Amino acid sequence: MDYDYTFKAMMLGDASVGKTSLTIRYISGSFLEDLKLTIGVDFYSKLTSFKNKKVKLQIWDFGGEERFRFLLSQYCRGANAAFFLYDITNPLTLEHLPDWTNIVRKYAGDIPIMLVGSKVDLEEFRAIPRDEGIRAANKYNLASFVELSSKTGQNVEKAFQVMCSILFEKYVYPNDEFLEL
Ligand code: GDP
Ligand code: MG
């Protein structure tokens, strides 16, 4: 086997918050200006390492259109983690957080969910203060919070490293004293 551990992570959030851009930035290190709308679900995977272990992350990028909602229970099956994205320039995109956390917890159980404020390169158009994101993450018992930009790459690698640390803590070394990154 070419990896020690494998995890399935889901990208969730409204259309256009940047789910596909984040996935592609993380997988390939590039930012593509005109992505096609994701139809249904796209799958990606990346080999990375954490604490000297090889980790294969499978990333499931859900299109999110209403007409594909029927896929959600399947999509959530076997998931180990989720990223919920909202766009810091669009206040409506944070409002659907409780709907998504309910869906995830119903179909995937108590998996770690990271709240991701996307598009921080658009600071001048910011509509959601950082504090509001942090408050939402606490309110809905999420595992972590980060603001990032898939355009500049800011915090992208870090978000996935933090997710790996959370996954290791939960699934690999649940009883160990855990070292901070
Ligand atoms: P999805 O529908 O959630 O998969 O969103 P996409 O990844 O397709 O992105 C929607 C739009 O937002 C596209 O025009 C992207 O180029 C743009 N976008 C995504 N991430 C960023 C970012 O970090 N900064 C900026 N400025 N635009 C972004
Ligand atoms: Mg997409």
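No experiment lies behind these values; they were computed from the predicted model shown.

Concerning the site of ligand 1
- In the region of ligand 1, 17 residues are neighbours, and S16, K19, T20, S21 and D121 sit closest.
- Residue S21 places a side-chain N or O atom 2.6 Å away from an oxygen atom belonging to ligand 1.
- Within the backbone of S150, a nitrogen or oxygen atom sits 2.9 Å from an oxygen atom of ligand 1.
- In isolation ligand 1 offers 580 Å² of accessible surface; the protein chains occlude 84% of this area.
- Split by residue class, the shell around ligand 1 holds five nonpolar, six polar and six charged.

A short note on the packing of aromatic side chains
- A complete count under the given rule lists 11 aromatic pairs for this structure.
- Taken together, a centroid distance of 5.3 Å and an interplanar angle of 75° make the contact between Y5 and F168 edge-to-face. Taken together, the positions of Y5 in strand 1 (residues 5-12) and F168 in helix 6 (residues 156-172) put the pair 163 residues apart, joining distant regions of the chain.
- With a relative accessible area of 26%, Y5 lands in the partly exposed category.
- With relative accessibility at 0%, the residue F168 sits in the buried group.
- Pairing F43 with W60 gives two aromatic rings, centres 4.6 Å apart and planes at 80°, and the pair type is edge-to-face. On the criterion of sequence distance, the pair formed by F43 in strand 2 (residues 41-50) and W60 in strand 3 (residues 53-62) is long-range, its members being 17 residues apart.

Let's talk about the sheet that holds strand 5 (residues 113-118)
- Across the sheet, which stays open at both edges, the six strands sit in the order 2-3-1-4-5-6 with mixed pairing between neighbours. Among the strands making up the open sheet, the edge pair consists of strand 2 and strand 6 (144-147). Strand-to-strand, the axes of this sheet are offset by a mean angle of 25°, without reference to chain direction.
- For strand 4 (residues 81-87) and strand 5, the ladder comprises six bridges, and the chain directions are parallel. In the strand pairing of strand 5, F83 is matched with M114.
- Set on the sheet, helix 4 (residues 97-107) makes contact with strand 1, strand 3, strand 4 and strand 5; between it and strand 5 the angle comes to about 150°.
- Across the sheet, helix 5 (residues 130-139) lies against strand 4, strand 5 and strand 6, angled at about 160° from strand 6, the strand it touches most.

Quick notes on the environment of A79
- The residue A79 is located in the loop between helix 2 (72-76) and strand 4 in this model.
- Along the backbone, A79 and M10 are 69 residues apart, and their C-alpha atoms lie at a distance of 7.0 Å.
- Apart from the residues lying within four places of it in its own chain, the contact partners of A79 are K8, M10, A108 and I111.

Topic: the environment of L148
- Relative to the assigned elements, L148 resides in the loop between strand 6 and helix 6.
- The spatial distance from the C-alpha of L148 to the C-alpha of K19 is 12 Å, given a sequence separation of 129 residues.
- Apart from residues no more than four positions distant in its own chain, L148 is found in contact with L22, V116, G117, S118, K119, V120, Q154, N155, V156 and A159.

With respect to the pairing of strand 1
- Of all eight residues making up strand 1, six are buried, and the element is well covered by its neighbours.
- With seven bridges connecting them, strand 1 and strand 3 associate as parallel partners. Its bridge partner being in strand 3, A9 is matched across the sheet by I59.
- Of the strand pairs in this sheet, strand 1 and strand 4 are connected by four bridges, and their pairing is parallel. Paired with M11 across the two strands is F83, which belongs to strand 4.

Reading guide: rules and limits
Per chain, the residues get numbers from 1 upward, laid out in the order the sequence is written. Starting at A for chains and at 1 for ligands, labels are handed out in the order in which the entities are written. With the structure being a predicted model, the display of local features is reserved for residues of pLDDT at least 70 and the display and counting of side-chain atom pairs for 80 or more, all residues being used for whole-chain, interface and lining totals. The basis for every side-chain value is the complete set of non-hydrogen atoms in the structure, without hydrogens or water. Consider each residue's heavy atoms; a residue with any of them within 4 Å of a molecule or strand counts as near. Distance and chemistry together define a polar contact, namely a pair of N or O atoms within 3.5 Å, with one atom able to donate a hydrogen and the other to accept it when in protein, and with adjacent residues in sequence counting only for side-chain atoms on both sides. The Shrake-Rupley method, run with a 1.4 Å probe, gives the accessible areas here. Residue values count only the displayed protein chains as cover. For this scheme, ten residues count as nonpolar: Ala, Val, Leu, Ile, Met, Phe, Trp, Tyr, Cys and Pro. Four count as charged, namely Asp, Glu, Lys and Arg, and the remainder, Gly too, count as polar. Stacked, edge-to-face and tilted labels apply to pairs of Phe, Tyr and Trp rings (six-membered ring for Trp) whose centres lie within 6.5 Å, assigned for plane angles under 30 degrees, over 60, and everything in between, in that order. Comment: elements are numbered from the N terminus, with helices defined as DSSP H or I runs of at least four residues and strands as E runs of at least two. A simple rule labels every residue: compare its accessible area, found with a 1.4 Å probe on the protein chains alone, to the largest value its type can have, and call it buried under 20%, exposed over 50%, or partly exposed in between. The criterion for strand pairing is that DSSP finds at least two bridges linking the strands in question. Where helices are involved, their axes are fitted lines through C-alpha atoms of the stretch in contact, as for all axes, and angles between N-to-C directions lie from 0 to 180°. Working rule for contacts: check all heavy atoms of both residues, and any pair within 4.5 Å makes them a contact.

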